[in-house]
Amino acid sequence: VDRSGSMSGTYINSAKDTLILFLKSIPPGCYFNIIGFGSRYEHLFPRSVPYNQTNLDKAMSHAQGLSANLGGTELLSPLEFVFGQELLPGLPRQIFVLTDGSVSNTQACINVTKKNAHVARVFTFGIGSGASSALVKGLARAGNGGAEFIKEGERMQGK
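Residues numbered from 1 in each chain as written. Predicted model: local features only at pLDDT ≥ 70, side-chain atom pairs only at ≥ 80, totals over all residues. Heavy atoms only, no water.

**Q** Help me out: how do you make sense of the sheet that holds strand 5 (residues 93–99) in this one?
**A** Strand pairing within a sheet occurs via backbone hydrogen bonds; the two strands may be parallel or antiparallel. Taking strand neighbours across the sheet as the criterion, the 3 strands line up as 5-6-7 in an open arrangement whose pairing is parallel. Each of the sheet's edge strands pairs with one partner strand only, and the pair in question is strand 5 and strand 7 (147–150). Adjacent strand axes in the sheet meet at a mean angle of 15° when their direction is disregarded. Pairing of strand 5 with strand 6 (residues 120–127), which is carried by 7 bridges, proceeds in the parallel orientation. Its bridge partner lying in strand 6, valine 97 is registered against threonine 124. Its contacts with the sheet put helix 1 (residues 10–25) on strand 5, strand 6 and strand 7, and the angle it makes with strand 5 is roughly 160°. (Pairing = 2+ DSSP bridges. Helix = DSSP H or I, 4+ residues; strand = E, 2+ residues; numbered from the N terminus. Axes fitted to C-alpha atoms, helices over the stretch in contact; angles between N-to-C directions. Contact = heavy atoms within 4.5 Å.)

**Q** Any chance you could explain the packing of helix 3 (residues 76–84) against helix 4 (residues 106–115) here in plain terms?
**A** How two helices pack is summed up by the angle between their axes together with the distance between the axes. Across the interface, helix 3 lies against helix 4 with an axial gap of 10 Å and an inter-helix angle of 10°. In terms of orientation, helix 3 and helix 4 fall into the roughly parallel class. Only Ala108, Cys109, Val112 and Thr113 of helix 4 make contact with helix 3, whose side of the interface consists of Leu76, Leu79, Glu80 and Phe83. Of the residues that constitute the contact of helix 3 with helix 4, the class distribution is 6 nonpolar, 1 polar and 1 charged. (Parallel < 35°, antiparallel > 145°, perpendicular 65-115°, else oblique. Nonpolar A, V, L, I, M, F, W, Y, C, P; charged D, E, K, R; others polar.)

**Q** Any chance you could explain the pattern of salt bridges here in plain terms?
**A** Close approach of charged atoms lets side chains of opposite charge pair. Per the counting criterion, the structure on display carries 2 salt bridges. Note that glutamate 42 is salt-bridged to arginine 3, the shortest N-O span being 3.2 Å. One end of the pair, glutamate 42, is in strand 3 (residues 41–43); the other, arginine 3, is in the segment before helix 1, and 39 residues separate them in sequence. Note that glutamate 42 is salt-bridged to arginine 40, the shortest N-O span being 3.1 Å. Residue glutamate 42 is classed as partly exposed on the basis of its relative accessible area, which comes to 31%. Looking at arginine 40, the relative accessible area reads 46%, which means it is partly exposed. Look at the salt bridges and you will find they share partners, linking Arg3, Arg40 and Glu42 into a network. (Salt bridge = Lys/Arg side-chain N within 4 Å of Asp/Glu carboxyl O. Buried < 20%, exposed > 50% of the residue type's maximum accessible area, 1.4 Å probe, protein only.)

Here it is, written out as structure tokens:
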């Protein structure tokens, strides 16, 4: 989840709503984690955790308290962190990226995604009119996933 300064206001609220929708939609038997990124990145859990009521409650509380307080938009390091995590046997890795902006190293982000496409699918959500089409579509294409754009005032539930 992009938590850069440009996400403040309605964009971070859209990201929170979308994240909460995702959290409520995780099937039983899955593992999950939440990574917030900006000039640095933060993870809710040190590694993916089982989807259960205790972890869901912690994640929901975390999602509701998200703020756009992590500076600029740097996505490469958090992608490398996620791709560097040990795969869980028998479980596919799916990554969902929510962002309103662009990065200075779009091609490097796409390249690391493509390099890991055999072990992970990447789905992207561009929030607002400033989301980089090259980044949002490029990551999804490289990660064999899908891309969606959420316009200002639009809700993810309709997608």
